[in-house]
Amino acid sequence: MTVSRRAASTTGAWGDRRLLVVDRTVEGFGDGDGAHPHEPHGNGLASRLNWLRAGVLGANDGIVSTAGLVVGVAAATTTTANILTAGVAGLTAGAISMAVGEYISVSTQRDSERALLSKERRELAEEPDYELNELAQIYEGKGLSEETARLVAEELTAHDAFTAHAEAELRLDPTELTSPWQAAISSAVSFTLGAILPILAILLPPVSWRIPVTFAAVLIALALTGSISSRLGGSNPRRAVLRVVIGGALAMAVTYGIGQLAGVSGL
């Protein structure tokens, strides 16, 4: 972007340091060239990380809910058909529920985002001078001098006023609104992949090993998903792993106990 080169000629030596901040602040509004081109900056990376994190959490839900279901049924009966039916039913219901819930949630979010973008586009058409001043004030509030903030606002407005205001004011990229269908399919697929593990773990071993193998496989898988989600979020992996493993073990223990009671009582 050309902001730093033009402003440097008017601000002098101290401006060089100030304009390094400008480059980092407005990066993503222009052509995307920065001091470190090998580092991904911008909304696209954040969006991909959010999708990956959502996928990991969806798989985690599939693992825990289906494992609890099949362990509970296996504690009540050794009939393979009954366990398989319960597992597949739980997988199907869970995947559909995740997909529908995600579709409704993201559709609502997308409608709100579109309404905000429409309002911003209308304000730009009706009050361009006011919007320019507003954009300059945003960057001035981030620490730029009044002159530099004004220059940034003018150049961004000349390049793409709508995108500049959408990203600065609304924290939205008009070209990267979340797709409800993509969210629904992603949630359903991730849940299904997670749910397959406990179903296979409960069906493949001999009858006497079904529950111990399922417990071990599920806890290992939960430790993996917990570690991945914590690293994506930048949190402590040990705490995340302990939380998800303890939660999964507790869920299976509770459903196992219920299954044992049901089996003993003949329900």
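All values derive from a computational prediction rather than experimental measurement.

What counts as what
Residues numbered from 1 in each chain as written. Predicted model: local features only at pLDDT ≥ 70, side-chain atom pairs only at ≥ 80, totals over all residues. Heavy atoms only, no water. Helix = DSSP H or I, 4+ residues; strand = E, 2+ residues; numbered from the N terminus. Buried < 20%, exposed > 50% of the residue type's maximum accessible area, 1.4 Å probe, protein only. Contact = heavy atoms within 4.5 Å. Areas by Shrake-Rupley, 256 points an atom, 1.4 Å probe, with all protein chains shown as cover. pLDDT = per-residue confidence, 0-100. Patch = residues over 30% accessible without salt bridge, like charges linked within 9 Å, V, L, I, M, F, W, Y side chains within 5 Å. Salt bridge = Lys/Arg side-chain N within 4 Å of Asp/Glu carboxyl O. Axes fitted to C-alpha atoms, helices over the stretch in contact; angles between N-to-C directions. Parallel < 35°, antiparallel > 145°, perpendicular 65-115°, else oblique. Left-handed = near helix turned anticlockwise from the far one by under 90°. Core = buried A, V, L, I, M, F, W, Y, C linked by side-chain atoms within 4.5 Å. Phe/Tyr/Trp six-rings, centres within 6.5 Å; stacked < 30°, edge-to-face > 60°. Lys NZ or Arg CZ within 6 Å of the ring centre and 35° of its normal.

Let us look at the overall build of the protein. A count of helices and strands for the protein gives 8 helices and 0 strands. In sequence order, the protein lays out its α and β elements as α-α-α-α-α-α-α-α. In the protein, which comprises 267 residues, the proportion classed as buried is 35%. For the protein, long-range pairs separated by at least 24 residues make up 73% of all intrachain contacts whose partners lie at least 6 apart in sequence. For the protein, the exposed area adds up to about 14900 Å²; of that, 61% sits on carbon and sulfur atoms.

Moving on, we get to the confidence of the model for the protein. On average, the protein scores 78 in pLDDT, and the residues at 70 or more come to 78%. In the model of the protein, helix α1 (residues 3-26) stands out as the element of lowest mean pLDDT, 39, in contrast to helix α6 (residues 180-203), which has the highest, 92. Within the model, pLDDT remains below 50 along residues 1-42, and this stretch shows 46 contacts once partners closer than five positions in the same chain are excluded.

Quick look at a nonpolar patch on the surface now. Taken together, the side chains of Ile96, Val100, Tyr103, Ile104, Trp181, Ile185, Val189, Leu193, Ile196, Leu200 and Leu204 make up a nonpolar region of the molecular surface, amounting to roughly 1100 Å² of accessible area. Contributions of two or more residues to the nonpolar patch are made by α3 (80-126) and α6. Residue contributions to the nonpolar patch peak at 6 residues, all from α6. Counting through the fold element by element, Tyr103 comes out in helix α3. Judged by relative accessible area, Tyr103 falls into the partly exposed class, the value being 31%.

Let us look at the packing of α3 against α6. Relative orientation of the contacting elements α3 and α6 amounts to 160°, with a least axis distance of 8 Å. The angle between α3 and α6 places the two elements in the roughly antiparallel class. Of the two elements, α3 crosses α6, and the hand of that crossing is right-handed.

Among the nonpolar cores identified, the biggest contains 16 residues, and Val70, Ala74, Ile83, Ile202 and Ile211 are the most heavily contacted of them. Contributing elements (two or more residues each) for this core: α2 (43-76), α3 and α6. Looking at this core element by element, the count peaks at 6 residues for α6. Every residue in contact with Ile211, bar those within four places of it in the chain, is listed here: Val71, Ala74, Ala75, Ile202 and Tyr256. Within the second largest apolar cluster, 11 residues are counted, among which are Ala149, Val152, Ala153 and Leu156.

Per the stated rule, a full pass over the model turns up 1 aromatic pair. Between the aromatic rings of Tyr103 and Trp181, the centroid separation amounts to 4.9 Å while the plane-to-plane angle is 55°, which identifies the pairing as tilted. Taken as a pair, Tyr103 in helix α3 and Trp181 in helix α6 lie far apart in primary sequence, 78 residues in all. It is Arg121 that lies over the ring of Phe162; its NZ or CZ is 3.8 Å from the centre.

Right, let's talk about the side chain of Thr225 for a bit. Among the structural elements, Thr225 can be located in helix α7 (residues 210-233). In this view, Thr225 contacts Val56, Asn60 and Ile63; residues no more than four positions away in its chain are not counted.

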